[in-house]
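Spelled out from the first residue to the last, the chains are:
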Amino acid sequence: MTASAETPGVVPSSALADTVLARLTEIYPAAGNPFRAQEMVAYMKGVAPFLGVRTPERRALSRTVLDGLPAPDEHDCAAVALRCFALPEREYHYFAVDYLRRHVKRCSSAFLPVARHLVTTVSWWDTVDHLAAHVVGGLVAADAGLAARMDEWIADDDLWVARTALLHQLRFKDATDTERLFSYCLLRSDHPDFFIRKAIGWSLREYARTAPAEVRAFVTRNDSRLSPLSVREALKNL
């Protein structure tokens, strides 16, 4: 069975994923550090347990995991990511996000429901933001028709789905749909949650690297509608 819009959490069969997960679950735990794991859990507000593998070491271990393996197809990507996110420790989720960042161009627009499933699984900024900017953003950049799906996501009751919509254009630069970005910011400007207000400011601040005058004018026009946090973040580098 394949992952689809109807069954986004169903794991496709994949011999490559079998190999990746077998290596991963042998190599990562062996490098774990229980004391460091406790520190990581505290820093991430208890969102998930950790093995206690720091990022530089984890990425070096990931290269060992993937050594000699072929490039994945879309089903392999789904299988690896979904199986990693089904494991409790956060380092496996990070591996999945890195894997998708590397191979998102091998995925079609049909992968978007899988990406949404990942965004809404053990949701916290450490995975969601990379999925938003590099995976969902990559899918939308490759298929402009997916922008209409972002119009649905921005209105979603799940704040992480809405945050993903706000952040999916972070890397678009000159290709940013300015009208869509600004409309998203205004649509969720009254949201009470820190993570939405921060995302509004971050998305504007990043676009200000490309279009500073436009962002400054937008913030000036809508100062009374945007939260102080969003305004402060948007204008931080202007």
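Before any of the text, the structure's been laid out above.
Since the model is a prediction, treat every value here as computed from it, not as a measurement.

Chemist: Looking at this structure, I do not really get the overall build of the protein chain. What am I missing?
Modeler: When helices and strands are counted, the protein chain shows 13 helices and zero strands. Expected size for 238 residues packed as a compact globule is a radius of gyration near 18 Å; at 19 Å, the protein chain falls within 12% of this value. Taken over the C-alpha atoms alone, the protein chain extends approximately 55 × 40 × 30 Å along its principal axes. A buried classification covers 51% of the 238 residues belonging to the protein chain. Across the protein chain, contacts joining residues at least 24 apart in sequence account for 71% of those joining residues at least 6 apart. As presented, the protein chain carries roughly 11,200 Å² of accessible surface, and 52% of it is formed by carbon and sulfur atoms.

Chemist: I'm lost on the environment of Ser-183 in this one. Help?
Modeler: Looking at the secondary structure, you find Ser-183 in helix H10 (residues 178-187). For Ser-183, the side chain forms a polar contact with the main-chain oxygen of Arg-180, separated by 2.9 Å.

Chemist: Is there a simple way to explain the packing of aromatic side chains in this structure?
Modeler: Counted by the stated rule, this structure contains 10 aromatic pairs. Between Tyr-28 and Tyr-92 the ring centres are 5.8 Å apart and the planes differ by 15°, which places this aromatic pair in the stacked class. Taken together, the residues span a long stretch of sequence, with Tyr-28 in helix H1 (residues 15-30) and Tyr-92 in helix H5 (residues 90-103) at a distance of 64 residues. Tyr-28 sits in the buried class, given a relative accessible area of 0%. Here the aromatic rings of Tyr-28 and Phe-95 are separated by 6.2 Å at their centres, their planes lie at 85°, and the arrangement is edge-to-face. Of this pair, Tyr-28 sits in helix H1 while Phe-95 sits in helix H5, placing them 67 residues apart in sequence. Joined through ring pairs, the aromatic side chains of Tyr-28, Tyr-92, Phe-95 and Tyr-99 make up one cluster.

Chemist: Please clarify how the pattern of salt bridges should be interpreted in this entry.
Modeler: Where charged atoms of side chains with opposite charge meet at close range, the side chains can pair. A complete count under the given rule lists 13 salt bridges for this structure. The partner of Arg-116 in a salt bridge is Asp-156, and the shortest N-O contact between them spans 2.9 Å. Within this pair, whereas Arg-116 is found in helix H6 (residues 112-119), its partner Asp-156 is found in the loop between helix H8 (147-153) and helix H9 (159-167), the two being separated by 40 residues in sequence. Its salt-bridge partner being Arg-180, residue Asp-151 comes within 2.9 Å of it at the nearest N-O pair. With Asp-151 in helix H8 and Arg-180 in helix H10, this pair connects stretches of sequence that are 29 residues apart. With a relative accessible area of 34%, Asp-151 lands in the partly exposed category. One continuous salt-bridge network, built from bridges that share partners, spans Lys-198, Arg-205, Glu-233 and Lys-236.

Chemist: How do you make sense of the packing of H6 against helix H7 (residues 125-142) when you look at a structure like this?
Modeler: Put simply, H6 and H7 touch, their axes get as near as 10 Å, and they point 175° apart. One element, H6, and the other, H7, form an angle in the roughly antiparallel class. Residues Leu-112, Ala-115, Leu-118 and Val-119 of H6 pack against Val-128, Leu-131, Val-135, Val-136 and Leu-139 of H7. Among the residues making up the contact of H6 with H7, the classes are represented as nine nonpolar, no polar and no charged.

Chemist: Any chance you could explain H7 here in plain terms?
Modeler: For an α-helix the count is 3.6 residues per turn, leaving residues at separations of three or four pointing the same way. End to end, H7 covers 24 Å across 18 residues, agreeing with the expected 26 Å (1.5 Å per residue, within 8%). The largest bend along H7 reaches roughly 40° and is located at Ala-132. Counting buried positions along H7 yields 13 of 18 residues, so the element is predominantly enclosed.

Rules and cut-offs
Per-chain numbering applies: the sequence of each chain, read as written, is numbered from 1 onward. Local features are withheld for residues below a pLDDT of 70 in this predicted model, meaning they are given only at 70 or higher, and side-chain atom pairs are given and counted only at 80 or more; totals for whole chains, interfaces and linings count all residues. With hydrogens and water stripped out, all remaining heavy atoms of the structure feed into the side-chain values. The secondary structure listing takes helices from DSSP runs of H or I that are at least 4 residues long and strands from runs of E that are at least 2 residues long, numbered from the N terminus. In this treatment the radius of gyration is a C-alpha quantity, and the globule benchmark scales as 2.2 Å times the residue count to the 0.38 power. To sort residues, take the accessible area from a 1.4 Å probe on protein chains only and compare it with the maximum for the residue type: under 20% means buried, over 50% means exposed, and anything in between is partly exposed. Residue contacts are counted whenever heavy atoms from the two residues lie within 4.5 Å of one another. To measure how exposed things are, a 1.4 Å probe is used in the Shrake-Rupley method; for residues, cover is taken only from the protein chains shown. Here a polar contact is taken to be a pair of N or O atoms separated by no more than 3.5 Å, where protein atoms must pair a possible hydrogen donor with a possible acceptor and residues adjacent in sequence count only if both atoms sit in side chains. Within 6.5 Å between ring centres, the rings of Phe, Tyr and Trp (the latter by its six-membered ring) count as paired, and their orientation is classed by plane angle as stacked under 30 degrees, edge-to-face over 60, tilted in between. Salt bridge, as used here, is a side-chain nitrogen of Lys or Arg placed within 4 Å of a carboxyl oxygen of Asp or Glu. Only C-alpha atoms enter the line fits that serve as axes; for helices the fit covers just the stretch in contact. Angles between N-to-C directions range over 0 to 180 degrees. Note on terminology: angles under 35 degrees are roughly parallel, angles over 145 are roughly antiparallel, angles of 65 to 115 are roughly perpendicular, and the others are oblique. Note that Gly is not counted as nonpolar here; it falls among the polar residues with everything else outside the nonpolar set of Ala, Val, Leu, Ile, Met, Phe, Trp, Tyr, Cys and Pro and the charged set of Asp, Glu, Lys and Arg. Helix span, as expected, comes to 1.5 Å for every residue beyond the first. A residue's bend is simply the angle between two axes: one fitted to the seven residues ending at it, one to the seven starting at it.

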